[in-house]
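So the chains spell out like this:
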Amino acid sequence: MAEFVQSRVEDYVPVLLQLERVGLLTEKEARTVIKKVTALEYKLKRRSLNKEDFINYIQYEINFLELLFKRRQRIGYFFKKGEIEAVIKQKVHCLFQRATEKWRDDLQLWMSHVEICKKWNSKQQLSRIFSSLLAVHSDKPALWIMAAKWEFEDQLSSETARNIFLRALRFHPDSAKLYQEYFRMELMSVEKQKNEKEILRRANLDTAKDLYSGEILNCGLARVVYKAAVQNIKGAKFHLSLLSIAKHFKFTKDLQRKILADLQRLYAEDPHTWDFLARQELSDELPAPEAPKSKQKKAEILAQKEEQCSRVYERALASLQTESMWELYVSFCLERYKRKTNSEELKQQVCYEKNNHHKCRLHWMNLQVVKCYRFSVEKLYIF
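In short, a report on the structure. (Residues numbered from 1 in each chain as written. Predicted model: local features only at pLDDT ≥ 70, side-chain atom pairs only at ≥ 80, totals over all residues. Heavy atoms only, no water.)

### What to know about helix α13 (residues 236-246)
To keep things clear, this is the line we draw: The cut-offs for exposure are 20% and 50% of the maximum accessible area for each residue type, with area from a 1.4 Å probe on protein chains only; residues under the lower value are buried, those over the upper are exposed, and the others partly exposed. Secondary structure elements are taken from DSSP: a helix is a run of H or I of four residues or more, a strand is a run of E of two residues or more, and numbering for both begins at the N terminus. Contacts were defined at the residue level, with two residues in contact if any of their heavy atoms lie within 4.5 Å.
Burial analysis of α13 places 9 of its 11 residues in the buried class, which makes it a mostly covered element. Taken together, the buried positions of α13 are occupied by Ala236, Phe238, His239, Leu240, Ser241, Leu242, Leu243, Ile245 and Ala246. Against the buried residues of α13 lie α9 (176-202), α12 (220-232), α14 (253-266) and α15 (271-283).

Structure, rendered in C-alpha cells:
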C-alpha cells in the first residue's frame, strides 16, 4: 500500500517544485501540501473505502487550484499555467472516476463531476462522463435530455444530439418530455440552418443552395418527430404542448396548422381542445392595417374577442356537459374578470360589472357553477 501512495505522491512533486520555483508557493507550503496529499492518499487505500474521503480529497485539490489562480492574479504570472494546472485537474478527474466507479448509484457524485467539467470547459472529459453516466443511469430521461442539450448547445453538434435522443427513446418510448425536447431541438436546428443560409446568401456565396436541404429547412425532421410523438403519446394536453413549442418559431406556420388540424380531428371531444380554441380567439392578432390606434377602440375589440371566446365555450358545452369543461370555462371567466389593465375604458367596464350585479359576468358564472355541480351530483347518483 505504501508503494502505491509513494508513487502517486512522487507524481505530484514536479508540479510543486515548479510552483515553488516561480514563487507561487513557498518551500514550507510545498512541504505542507506533500504531507496533506500523503495523508489523503493513505485514506483512499483503506480496505473499507469511505465516500467522504474521496470528496474531501477532491475538495482539497479544487481549493488548491483556486489558491493558485488568486496568487497568479496577484503577482501577474501566468507562465506554464496550462502545464501545471492540467496535472491537478487530471488528478481531480481521476478521483471522480474512482469514486463514481465505486458508488455508481450516487447521482449527486456524477453531477458534481459534470459541473466541474463545465466550469473548467473540459469538453472531451465531459463527453466521456455523459457516456458512462447514461450507461449506468439509462432509466432517467432527464439525464438523456441534459446530455443531448449539451451536445447541441455547447458542442454545436445536431447529429450527436439527435443520436442521443434516438437512443433515449429506445429506453423510454412513452416519455412525453423526451419527445417535447427532441421536437424543440429539431426546430432549433432548422432555425440555426436558416440563419446560416441567410448569412451565406448575403455574402453572395453560391454554396448556400447546396449545403442545406430544402426538406430539412421545411421542418421535415421535426414533422417526423411530431408524427412519432403523437403515435406514442396520446392526449390533447401533449398535443397542445407540441403546438406551444412550434409557436416559438416564426417559420412553423404550416406545421402549426397541421398540428391544430390533427388536434381537432383526434380530440374533438376533449375539453382542453375547446379551451385552446376559445383562448385562441383572444390571442389572435389583427393585421397591421386593421390594428386599432385609440384606447377606446382597443377596449371595444378586446370586449368583442371575449364574447367570441364565450361563444366557443358555449358551443363546446352544447355537446360536452362535463365538469371538466365547466371548470375550464369558469377559470377563463375568472381570469378575464380579475385582469389588470391600464386602459381607462376597460377599468370602467370592470367597475360597471362590479356595481351592477344583475349584469356581472362573475355573478352569472356562479350560477353556472351551481348548475355544473348539480349536473355532476345527478351523474354520480345515477351510477
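What follows picks up the thread again.
### Structural notes on the side chain of Asp53
Position of Asp53 among the secondary structure elements: in helix α3 (residues 51-75). The residues contacting Asp53, other than those within four sequence positions of it, are Lys43, Leu44 and Arg46.

### Digging into the side chain of Thr252
By secondary structure assignment, the location of Thr252 is in the loop between α13 and α14. Residue classification places Thr252 among the buried residues on the basis of a relative accessible area of 1%. Excluding anything up to four places from it in sequence, Thr252 contacts Leu187, Cys219, Ala246 and Lys247.

### Digging into the state of the cysteines
For clarity, the cut-off: Here, two cysteine sulfur atoms that lie within 2.5 Å of each other are counted as a disulfide.
Using the criterion set out here, one finds 0 disulfides in the structure. Cys333 forms no disulfide, and the closest cysteine sulfur to it belongs to Cys309, at a distance of 9.5 Å.

### A look at unusual backbone geometry
Positive phi outside glycine occurs at Asn121, with the angle close to 60°. By the secondary structure assignment, Asn121 is in the loop between α5 (107-120) and α6 (123-136). Within the chain, Leu156 stands out as a residue other than glycine whose phi angle is a positive 55°. By the element assignment, Leu156 lies in the loop between α7 (141-153) and α8 (158-171). The exposure class of Leu156 is exposed, given its relative accessible area of 58%.

### Some details on the nonpolar core
Side chains of nonpolar character tend, in soluble globular proteins, to be buried together. The condition is simple: Nonpolar cores are built from buried Ala, Val, Leu, Ile, Met, Phe, Trp, Tyr and Cys residues. Side-chain atoms within 4.5 Å join them into one set.
By size, the foremost hydrophobic cluster in this structure holds 63 residues, and its most contacted members are Phe183, Leu187 and Met325. Once residues lying within four places of it in the same chain are set aside, the contact partners of Leu187 are Cys219, Ala222, Ile245, Ala246, Phe249, Phe251, Thr252 and Leu255. The next biggest cluster of nonpolar side chains, apart from the first, holds 30 residues, and it includes Leu24, Ile58, Ile88 and Leu95.

### Examining the packing of aromatic side chains
Put simply, the rule is: Side-chain rings of Phe, Tyr and Trp (the six-membered ring for Trp) are treated as a pair once their centres are within 6.5 Å; stacked means planes under 30 degrees apart, edge-to-face means over 60, and tilted covers the remaining angles.
Evaluated as defined, the whole model comprises 7 aromatic pairs. Each ring, one from Phe54 and one from Trp103, has its centre 5.6 Å from the other, and the planes form 75°; the classification is edge-to-face. Taken as a pair, Phe54 in helix α3 and Trp103 in the loop between α4 (81-102) and α5 lie far apart in primary sequence, 49 residues in all. Summarising the burial analysis for this pair, Phe54 and Trp103 share the class buried. Between the aromatic rings of Tyr313 and Phe332, the centroid separation amounts to 5.2 Å while the plane-to-plane angle is 40°, which identifies the pairing as tilted.

### Thoughts on the pattern of salt bridges
Defined as follows: By salt bridge we mean one thing: a side-chain nitrogen of Lys or Arg within 4 Å of a carboxyl oxygen of Asp or Glu.
With the rule as written, the count across this model stands at 20 salt bridges. We note a salt bridge from Asp106 to Lys51, for which the minimum N-O separation is 2.4 Å. Here Lys51 lies in helix α3 and Asp106 lies in the loop between α4 and α5, a separation of 55 residues in the sequence. With relative accessibility at 18%, the residue Asp106 sits in the buried group. Given the relative accessible area of 25%, Lys51 is considered partly exposed. Note that Asp254 is salt-bridged to Arg257, the shortest N-O span being 2.2 Å. Of this pair, Asp254 and Arg257 both sit in helix α14, 3 residues apart, roughly one helical turn. Counted as one network, the salt bridges with shared partners bring together Arg8, Glu41, Glu61 and Lys91.

Take it as geometry only, folks, not as evidence of what the structure does.
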